[in-house]
Amino acid sequence: MTVRSRSSASNIILTNIETIPGSTITQHLGLVQGSSVRAKHLGRDIAAGLKNLVGGELKGYTELLQEARQEATDRMVQEAQQKGANAIVNVRFATSSLTQGAAELFVYGTAVRVG
Amino acid sequence: MEGWIFFAVLLAIGFFFGSRAEQQHFRDLQRREQALGGLVISVVGAKVALPDAAGAELFVGSVVVSSDYFKTFVAGLLKLVGGRIGVYETLLERGRREALLRMEEAALDWGAERVVNVRIQTAELGGNNGQGIVALEVIAYGTGVR
């Protein structure tokens with residue numbers, strides 16, 4: 001139920017604090033970011049509409065947004081790897097709903113090299 | 001006339017199933033929160049050195065919760081007079097506690113002793129035109145440290 005910060009393709013460490021505990025930052029490589037805009041699809045929308053009658057968690061949407069956030073994170077990690085980073089610190093998430101039915105998931109952080 | 005009956009039925013379904021689901025969810029939340037034990041959560045920690053820590057990793061918990069038909073209707077009425085909208089307060093509380101719990105459970109699985117610099121944020125998904133569903137996403141994230 002969580003975004004896996006170590007995506008399968010990489011060994012990049014992510015934190016949302018300013019350091020990587022246990023290692024020292026040797027070089028800052030600047031801001032990296034990733035984003036993903038997702039729209040919900042009709043089947044999920046209908047299911048959510050029914051679920052909205054009784055309330056509670058909309059699992060379809062939870063999964064949809066988790067996938068989107070994972071994709072945004074992967075893009076950020078890719079950018080960091082291109083810069084030669086092996087960690088990203090100070091990671092932040094942002095979500096904005098563009099229109100009804102579409103949301104942008106945005107993630108950014110500072111790429112660093114740790115020794 | 002049939003319209004009114006249909007409306008009353010929807011309202012009753014929303015009320016009975018919605019409040020039952022809510023009570024169940026609160027019980028579930030309480031049980032899981034107790035099961036977490038000694039995991040320490042803090043909102044500070046971004047700028048503090050953590051000399052005793054061997055590893056850190058980002059953990060994210062998220063949930064999308066929606067209002068039920070009854071809550072949406074009551075909130076609509078309450079909006080006429082303004083003030084507290086209690087039906088949405090419990091909804092947000094459920095979302096926030098659920099998102100935090102998911103983050104904490106993921107961190108515990110990994111072996112975290114504490115989670116620092118926890119951030120919680122809420123985004124509305126229903127759109128801004130006042131129609132359609134009332135749904136919001138709550139995400140909680142922080143750095144697990146061991």
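Counting of residues starts from 1 at the beginning of each chain's written sequence and follows it residue by residue. Lettering of chains starts at A and numbering of ligands starts at 1, both following the order in which they are written. pLDDT decides what is reported in this predicted model: residues at 70 or higher carry local features, side-chain atom pairs at 80 or more are listed and counted, and totals for whole chains, interfaces and linings draw on all residues regardless. Water and hydrogen atoms play no part in the side-chain values, which are based on all heavy atoms of the structure.

- Looking at an unreviewed UniProt entry, one finds chain B named YbjQ family protein, with Shackletoniella antarctica as its source organism.
- The UniProt entry for chain B carries the following comment under Sequence similarities (unreviewed entry): "Belongs to the UPF0145 family." UniProt positions are given in the numbering used here, feature names are shortened, and annotations may be inferred rather than shown by experiment.

- If you check an unreviewed UniProt entry, chain A appears there as UPF0145 protein DCF17_01395 from Shackletoniella antarctica.
- Annotation of chain A in UniProt includes, under Sequence similarities (unreviewed entry), the sentence "Belongs to the UPF0145 family."

## Regarding the sheet that holds strand β2 (residues 56-66) of chain B
Stage number 1. Two strands form a pair only when DSSP identifies at least two bridges running between them. Numbering of helices and strands starts at the N terminus; helices are DSSP runs of H or I of at least 4 residues and strands are runs of E of at least 2. Taken in spatial order, the five strands of this open sheet run β3(A)-β2(B)-β4(B)-β3(B)-β1(B), and their pairing is mixed. Two strands lie at the open edges of the sheet, namely β3 (56-57) of chain A together with β1 (40-41) of chain B, each paired on one side alone.
Stage number 2. Of the pairings in the sheet, the one linking strand β3 (residues 114-124) of chain B to strand β4 (residues 135-145) of chain B comprises nine bridges and is antiparallel in character. The residue of β4(B) that forms the bridge with B:Val115 is B:Gly144.

## What to know about the layout of surface pockets
Gaps between atoms show up when a probe of the same size as a water molecule is rolled over them.
Stage number 1. Estimated volume of the second largest pocket: approximately 190 Å³.
Stage number 2. Using a grid of 1 Å spacing that covers the protein atoms alone, one calls a set of points a cavity when a 1.4 Å probe fits there but cannot get out, and a pocket when the set is open and has protein on both sides within 12 Å along at least five of seven lines; lining residues are those with an atom within 4 Å of a point. Taken together, 13 residues make up the lining of the second largest pocket; nearest its centre are A:Lys51, A:Gly56, A:Glu57, B:His25 and B:Arg94.
Stage number 3. Within the residue set of the lining of the second largest pocket, elements represented by two or more residues are β3 of chain A together with α1 (2-35) and α3 (86-110) of chain B.
Stage number 4. Sort the elements by how many residues they give to the lining of the second largest pocket and α1(B) lands first, with five residues. Grid points are joined across faces, edges and corners, and a volume is the space filled by probe spheres set on the points.

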